[in-house]
Amino acid sequence: AFRPWTEAKAIADGPSILKYVRDTASEGGIDRHIRFGHKVVSASWSTPDAAWTVEARTASGTARVTCNFLFLCGGYYSYESGYTPDFAGTERFGGRIVHPQQWPQDLDYAGKRVVVIGSGATAVTLVPEMARTAAHVSMLQRSPTYVFARPAVDAVAEWLKRHLPALWAYRLVRLKNVALQLYFYRLARRYPDKAKARLVEMVRAQLPPGYDVERHFSPRYKPWDQRVCLVPDGDLFQAIRDGRASVVTDTIESFTEQGIRLASGQQLAADIVVTATGLELQVQGGIRQSVAGVPVDASKVLVYKGMMYSGVPNWASAFGYTNASWTLKADLTARYACRLIAHLQRHGLASCTPVRGEGVREQPFLDFSSGYVQRALPMLPKQGNRPPWRLYQNYLLDWLTLRLTRVDDGVMRFERSALPDSALQAAPPVRDTGSPSSGA
C-alpha cells in the first residue's frame, strides 16, 4: 500500500513481482535483516521469559533464535511437494511427468506434445505459455472451472498515472479494484445463476462458433464456491482459436506408453505430462508449535481476527483472501500486528493472548469447495460464529475490524512482564548464533 506499482501490466508476471518485492525490501533496508537458507521447524513459548524460541535447520546445522513476538508469513502451502493423484500406469509412460511445484530447469517442451492435467489457475496460466513453442498443448480436466478474460494492462490505471501524482493514482486504482471486486463477488453470491450465465457467455464470445462451451467451460458449482480463474488478455482462448491448444473434459483411465487413455476410450498422445493437479495445504508452515511445553493442535483452536490463535500468546500469521488479492489482507494483518506490539511496549506488557469466551460456536475455517481446501479442513483451525472470531472474506469489513477497533477489546488478555521496562521499549535485534540466544 505504501509503494506504487509502476509497471504497465496490472496482471503481473513472476519476474515483475519478484523485482518489485526485492526493490521494496532493499529500499526499506529489510533485506539486511533476512536470514536466508533457514528452514524453521519448531517454535516454543516460555511463559516466564515471555519469549518464543525458534529453531531452524541450516546448511551448517541448527540455529536457534528467541523473540518476543512471532509473525508467520510463509503462506499455507507445503513447499515440499504438490498434490498428485495416484494415476494408474504412470510407470509405463515413456515421456516425462512434471509437477509445476518442482519445475525442472532443463525441461524443453519446444515442438513437443504436452498434456496439462488440471483446470485451475496453474493450468490456465501454463497452457497458453507452453503453447507458444510446443507442438500442441491439451488441457485435460475432470470438470470445468470458471474463467474470464481481462486486459493485462489497466487502461484506467494508466490514465490516472499520466494525470495524477504516483501515490494518488496508485491509491485510487487500489480503491477502484477493491470496490469492483467486492461488488462483483457479492453480486455473484446473491445471484449465482445469473452470474454463471454471464461468465459462460463471456467465454462463448471468446471462442469459435459451435465450440462446446457447455461441456468445457460451464462448471457444476456456483461462482466463487471455488476460485474464478483470470485469463490475461484472453491468451488461453487465443491459443484455442489458433489450434495450438485444446481442452479435453474427461477422466483418466490409465497412462500408457505413448500418453493417456481416457474413460471415454480416447487416447491423448503426449511427450510431456504436467500434473497441475493442486497443492497441499499445511498449517503454520509445518512448524511444530508449543506453549509452555504443550503442543498446539491447530485443529482445536479458534482464529482471532483472522490472524491469531486462541490460547497462543504473541503470535500472528498472515492469511489472505480466497476471493481477492492475498496482499490486501496481509497488509491489514501486518498493520494490526504493529498496533499490538506498540500497545505492549507503550504499557510495559509482556504478552497478549486471545481467550475464547463461552458460547462461541465453531465453524469451518473456509467455506470453499476446492479440493486442496477440502483435503485440509480437518487439520485447519476453526472460526467462530461471531466477532472477533469470525473470518471475513471482505476487505471493507476487515479494514473496519483491524484498523478502527480497539486492541484491548476484552477478548485479548494482556499480561505484564518480569523484564524491566527498558528491555521492552528497546529490545536488541535478533542474533543468529547457532545456539540459544536472546533478541527482539
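Higher on the page you've got the structure.
Now for a look at the structure at hand. (Residues numbered from 1 in each chain as written. Predicted model: local features only at pLDDT ≥ 70, side-chain atom pairs only at ≥ 80, totals over all residues. Heavy atoms only, no water.)

### A word on the packing of aromatic side chains
Geometry of an aromatic ring pair is reported as the spacing of the ring centres plus the angle between the planes. Inspection of every chain in the model, using the stated rule, returns 15 aromatic pairs. Plain terms: the ring middles of Tyr183 and Phe184 are 5.2 Å apart, the flat faces sit at 70 degrees to each other, and that makes the pair edge-to-face. Judged by relative accessible area, Tyr183 falls into the partly exposed class, the value being 49%. Judged by centre distance (5.6 Å) and plane angle (70 degrees), the rings of Tyr304 and Trp389 are edge-to-face. Of this pair, Tyr304 sits in strand E17 (residues 303–304) while Trp389 is found in the loop between strand E22 (383–384) and helix H10 (395–404), placing the two residues 85 residues apart along the sequence. Owing to a relative accessible area of 0%, Tyr304 belongs among the buried residues under this scheme. Here Trp389 falls in the buried class, since its relative accessible area comes to 2%. (Phe/Tyr/Trp six-rings, centres within 6.5 Å; stacked < 30°, edge-to-face > 60°. Buried < 20%, exposed > 50% of the residue type's maximum accessible area, 1.4 Å probe, protein only. Helix = DSSP H or I, 4+ residues; strand = E, 2+ residues; numbered from the N terminus.)

### A short note on the sheet that holds strand E12 (residues 259–262)
What the three strands build is an open sheet, ordered E11-E12-E13; its pairing is antiparallel. Of all strands in the sheet, those bounded by a partner on one side alone are strand E11 (252–255) and strand E13 (267–269). Here the strands of the sheet are splayed against their neighbours by 25 degrees on average, with no regard to which way each runs. The pairing of E11 with E12 spans three bridges and is classified as antiparallel. (Pairing = 2+ DSSP bridges. Axes fitted to C-alpha atoms, helices over the stretch in contact; angles between N-to-C directions.)

### Section: the sheet that holds strand E2 (residues 51–58)
Strand pairing in a sheet is mediated by backbone hydrogen bonds. Such pairs are either parallel or antiparallel. Strand order in the open sheet formed by five strands is E3-E2-E1-E15-E16, with mixed pairing between adjacent strands. Looking at the sheet topology across the chains shown, the edges are occupied by strand E3 (61–67) and strand E16 (294–295). Pairing analysis gives seven bridges linking strand E1 (residues 39–46) to E2, with the strands arranged antiparallel. Pairing of Ser46 across the sheet is with Ala51, part of E2.

### Here we look at the packing of helix H8 (residues 326–346) against H10
Each packed pair of helices is defined by two parameters, the angle between the axes and the distance between the axes. Put simply, H8 and H10 touch, their axes get as near as 9 Å, and they point 10 degrees apart. Judged by the inter-axis angle, H8 sits roughly parallel to H10. Judged by residue contacts, Leu328, Lys329, Leu332, Thr333, Arg335, Tyr336 and Arg339 of H8 engage Tyr395, Asp398, Trp399, Thr401, Leu402, Arg403 and Leu404 from H10. Grouping the amino acids of the contact of H8 with H10 by side-chain chemistry returns seven nonpolar, two polar and five charged. (Parallel < 35°, antiparallel > 145°, perpendicular 65-115°, else oblique. Contact = heavy atoms within 4.5 Å. Nonpolar A, V, L, I, M, F, W, Y, C, P; charged D, E, K, R; others polar.)

### Regarding the pattern of salt bridges
Taken as a whole and assessed by the stated rule, the structure comprises 18 salt bridges. Its salt-bridge partner being Asp106, residue Arg96 comes within 3.0 Å of it at the nearest N-O pair. Taken as a pair, Arg96 in strand E5 (residues 96–98) and Asp106 in the loop between E5 and strand E6 (113–117) lie far apart in primary sequence, ten residues in all. Classification of Arg96 as partly exposed rests on a relative accessible area of 34%. The partner of Glu201 in a salt bridge is Arg204, and the shortest N-O contact between them spans 3.4 Å. Separated by three residues within a single helix, Glu201 and Arg204 lie in helix H5 (residues 192–206), roughly one turn from each other. According to the relative accessible area criterion, Arg204 is partly exposed, its value standing at 32%. Among the charged side chains, a network of salt bridges with common partners joins Glu201, Arg204 and Glu214. (Salt bridge = Lys/Arg side-chain N within 4 Å of Asp/Glu carboxyl O.)

As far as function goes, none of this settles anything; it's purely spatial.
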